[in-house]
There are 2 protein chains.
Amino acid sequence: MSIITIIGSGMMGSALAFPARENGHTVRLVGTPLDRDIIDTASKSGQHPKFDRKFPDGVEYYQFEEVSSALSECDLVIGGVSSFGVEWFAQAVLPLLPPGVPVLSVTKGLLVDDTGNLSCYPHFWQQKLDMLGKDNELCAIGGPCTSYELVGHDQTLVAFCGRNIPLLEKIKSWMATDYYHIMTTDDVIGVESAVALKNGYALAVALTIGENFKRCGREELHFNSQAAVFLQSSREMRKLIKLLGGSEESFFVGVGDLYVTVYGGRTRKVGILLGEGFDIDEALAKLQGVTLESLVVAGRVAKALKLRAARGEVDLCDYPLLMHVDEIVSNRQKVAIPWEKFTEF
Amino acid sequence: MSIITIIGSGMMGSALAFPARENGHTVRLVGTPLDRDIIDTASKSGQHPKFDRKFPDGVEYYQFEEVSSALSECDLVIGGVSSFGVEWFAQAVLPLLPPGVPVLSVTKGLLVDDTGNLSCYPHFWQQKLDMLGKDNELCAIGGPCTSYELVGHDQTLVAFCGRNIPLLEKIKSWMATDYYHIMTTDDVIGVESAVALKNGYALAVALTIGENFKRCGREELHFNSQAAVFLQSSREMRKLIKLLGGSEESFFVGVGDLYVTVYGGRTRKVGILLGEGFDIDEALAKLQGVTLESLVVAGRVAKALKLRAARGEVDLCDYPLLMHVDEIVSNRQKVAIPWEKFTEF
């Protein structure tokens, strides 16, 4: 049995405690400084405040002040921070990693630099580790998985990606259960770009739900227009993943992740509001000003594409849907899905 | 303005009367011998019994006895029969076609021969036309489109496929509206195999809905397992379309069509019953013995793959999901989704 330390007790980090602990490993769940109440609650009740079932018996809970003892002699660190905690994780956690211990991250997103290069968080953190002279390997999880369904033992299929396949297979052997099914791949940029991009495109599919609510009432869902945007999203995602050097297999991971994300949480809610006719500021105000990863990634990818298009490297006409999402989220444009452009492929 | 004759007044054939007539064309809707009541009703009330809005003013209704006058001087024939009317269409309609008039078919499905070759209905009918010495061009429609949403003017994106792109563009100019958006492509086998295959895979996604209903109750939908099977379906569909010589673009049409089909009609219902634990005979009995295109296509494609695998041309391990669906529908096997096989890609 191994010792698995999870840093970040948000929903996804906490959910991974279930297969890990059920497999018999020692599981140490460490809250970030923002997670103090979660760890307090879990210590007392054995339950995450957002889950409807208790953690498996024996999960150990740590506030961040205790992170050093939580990391002591561990075999795997799971990074469970959101994309807004990427810098924090680099500064507060990476320097503390024991030698040789791999990191498995659930954080989804992409970074863009001023020349239009997109990179993923595992690459960003690996560079930080190199600068620190540390030998830890960064791996990551992508694929269609909502935390509460994982907690509920729903059948789930994900991809673990990293440079070192034998290491990934070892981590898989620790984490896989009869409901948590794990592919392994060395296509890090492919998986990471797929699961980041799906956020922007899930917003796009949700726009059509809102448009139909406005037109026909909220009583029933319509699907022709969702499917049309899903089709166009698949096409643009495939092209973007290829552009970034990712494989077709990683694209399939993104398709599955897009499917699950259309139905989950805040991205859907903001997309529906936009489709109903609110602008982005109004929509975010209604959702109490939450910052959405879906909005960030669309803006970053659009920025990268525009910089590359200015150099003649890409044709923005290949990405009419993403460009429109960017106009909506970055420039407060009202929704006007460019349907006819989807026929020109 | 043109004269457009629709043969087959089922839901999809009838739905196409809407954009055609709204664009100002003469539209003649001809019932098959099975459609007698539909034509009677539409003649009296101006409405299809399964639609919640009236046909546009001016649509003309014909019983099949009047097909010759309905075909007189027409510019386009739309074939609106189901896959169970393919032979009938070949025998009863193709010989009557006026010279040079193109056919646009909505019939979805694949045919298999005893050597494992799969072919699509446009090819089948084109061969019949060649044997008759007729010069009509067979074109077809694929893509995500439910008839009742098209009737409701929902935004819809489809592909018209055929050998002759200028002809397809002409037909597109007759049929496209501000809600009916049309791609054109000469990849007939790609589009036709994509839209046929999606039936079998939509059944597969629905299995997981039924399994979760059984496990957790029918109150709420779960999505991790749907998305996992959607991921695997995309992967297998891409491989199958490639095997049949179709393009990546047609695969995207299939992905959109799969998305819409998961939510529509009888395929979903039978998949849910199977997932809840009924065998195929029990499930079909509950649905009053309807014969489903989704069941037929899965069996035919599985037959083709097995014949080809016996010759060493394909590896059945690439299609674990389709093979399982075939076991369920052809051999009354109970549902046992091979989750772990989806990790071995």
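The shown structure was predicted, so the numbers you read here are calculated from the model rather than taken from an experiment.

Is there a simple way to think about the sheet that holds strand S8 (residues 138-142) of chain A in this case?
Within a beta sheet, neighbouring strands are joined by backbone hydrogen bonds and run either parallel or antiparallel to one another. All names here are of chain A. Spatial strand order, S3-S2-S1-S4-S5-S8-S9-S10: eight strands in an open sheet with mixed pairing. The sheet is open, and its two edges are formed by strand S3 (60-62) and strand S10 (180-185), each paired on a single side. For this sheet the average axis-to-axis angle between neighbouring strands, irrespective of direction, equals 25°. Here six bridges tie strand S9 (residues 156-161) to S10, and the two strands are oriented parallel to one another. Among the inter-strand pairings, Phe 160 is bridged to a residue of S10, identified as Thr 184. Contacts from helix H7 (residues 165-175) reach strand S1 (3-7), strand S4 (76-79), strand S5 (103-105), S8, S9 and S10, with the element oriented near 175° to S10.

Explain the relation of the copies chain A and chain B to me, please; I cannot follow it from the model alone.
A rotation about an axis combined with a shift along that same axis relates the two copies of the chain. Between the two copies, chain A and chain B, the superposition gives an RMSD of 0.0 Å; the rotation angle is 180° and the shift along the axis is 0.0 Å. The superposition operator between the copies reduces to a two-fold rotation axis. In this assembly the copies share their binding face: 100% of the residues contributing to the interface of chain A also contribute to that of chain B.

Before we go on, may I ask you to explain the pattern of salt bridges in this structure?
Scanning all chains against the criterion turns up 32 salt bridges over all chains. In this structure, B:Lys172 and A:Glu340 form a salt bridge, with 3.6 Å as the shortest nitrogen-oxygen distance. Remark: A:Glu340 occurs in the segment after helix H14 (320-331) and B:Lys172 occurs in helix H7 (residues 165-175); the pair is interchain, linking two chains. According to the relative accessible area criterion, A:Glu340 is partly exposed, its value standing at 32%. For B:Glu313, the salt bridge is made with B:Arg311, and the minimal N-O distance between the two is 2.7 Å. Assessed through its relative accessible area of 45%, B:Glu313 is described here as partly exposed. Looking at B:Arg311, the relative accessible area reads 46%, which means it is partly exposed.

In this structure, what is going on with the pairing of strand S4 (residues 76-79) of chain B? I would like to understand it.
All names here are of chain B. Here S4 shows a buried face lined by Leu 76 and Ile 78 and a second buried face lined by Val 77 and Gly 79. Bridge count between strand S1 (residues 3-7) and S4: four bridges; the pairing is parallel. Of the residues in S4, the one forming a bridge with Ile 6 is Ile 78. The pairing of S4 with strand S5 (residues 103-105) spans three bridges and is parallel. The residue bridging Ile 78 from the neighbouring strand is Leu 104, located in S5. Crossover S4 to S5 through helix H4 (residues 86-93) is right-handed.

Help me understand the interface of chain A and chain B, please; the structure alone is not making it clear to me.
In many analyses, interface size is given as the accessible surface area lost on bringing the parts together. With 50 residues of chain A at the contact, the number on the chain B side is 50 residues. Summing both partners gives a buried area of about 4400 Å² for chain A against chain B, and 62% of it is carried by carbon and sulfur. Where chain A touches chain B, the interface holds ten salt bridges. In this structure, A:Glu248 engages B:Arg238 in a salt bridge whose closest nitrogen and oxygen atoms are separated by 3.2 Å. Between the two partners, chain A and chain B, sit 29 residue pairs in polar contact (both at pLDDT 80 or more). Secondary structure elements with two or more residues in the side of chain A that touches chain B: helix H6 (147-151), S9, S10, helix H8 (188-216), helix H9 (224-243) and helix H10 (248-262) of chain A. Among the elements that make up the side of chain A that touches chain B, the one with the highest residue count is H9(A) (eleven residues). Grouping the constituent residues of the side of chain A that touches chain B by class yields 24 nonpolar, 16 polar and ten charged.

I tried to follow the sheet that holds S1(B) on my own but got confused; where do I start?
Residue and element names in this part refer to chain B. Pairing in this open sheet of eight strands is mixed, and the strands run S3-S2-S1-S4-S5-S8-S9-S10 from one edge to the other. Only two strands of the sheet have a single partner each, and these edge strands are strand S3 (60-62) and strand S10 (180-185). Adjacent strand axes in the sheet meet at a mean angle of 25° when their direction is disregarded. Here S1 pairs with strand S2 (residues 26-30) via five bridges, running parallel. By the bridge assignment, Ile 4 is partnered in S2 with Val 27. The strands touched by helix H5 (residues 121-132) are S5 and strand S8 (138-142); relative to S8, the strand with the most contacts, the crossing angle is about 165°.

Sorry if this is basic, but what is going on with unusual backbone geometry here?
Most peptide bonds take the trans configuration, and most residues that are not glycine carry a negative phi. Residues and elements named next belong to chain B. Although it is not a glycine, Glu 73 sits at a positive phi angle of roughly 60°. Tracing the backbone through its elements, the reader meets Glu 73 in the loop between helix H3 (67-71) and S4. Positive phi outside glycine occurs at Arg 332, with the angle close to 55°. By the element assignment, Arg 332 lies in the segment after helix H14 (320-331).

Conventions used here
Residues numbered from 1 in each chain as written. Chains lettered and ligands numbered in written order. Predicted model: local features only at pLDDT ≥ 70, side-chain atom pairs only at ≥ 80, totals over all residues. Heavy atoms only, no water. Pairing = 2+ DSSP bridges. Helix = DSSP H or I, 4+ residues; strand = E, 2+ residues; numbered from the N terminus. Axes fitted to C-alpha atoms, helices over the stretch in contact; angles between N-to-C directions. Contact = heavy atoms within 4.5 Å. Least-squares fit on C-alpha atoms with pLDDT ≥ 70 in both. Salt bridge = Lys/Arg side-chain N within 4 Å of Asp/Glu carboxyl O. Buried < 20%, exposed > 50% of the residue type's maximum accessible area, 1.4 Å probe, protein only. Right-handed = clockwise from strand over helix to strand, strands pointing away. Buried area = accessible area lost by both parts, 1.4 Å probe. Polar contact = N/O pair within 3.5 Å; in protein donor to acceptor, adjacent residues only side chain to side chain. Nonpolar A, V, L, I, M, F, W, Y, C, P; charged D, E, K, R; others polar.

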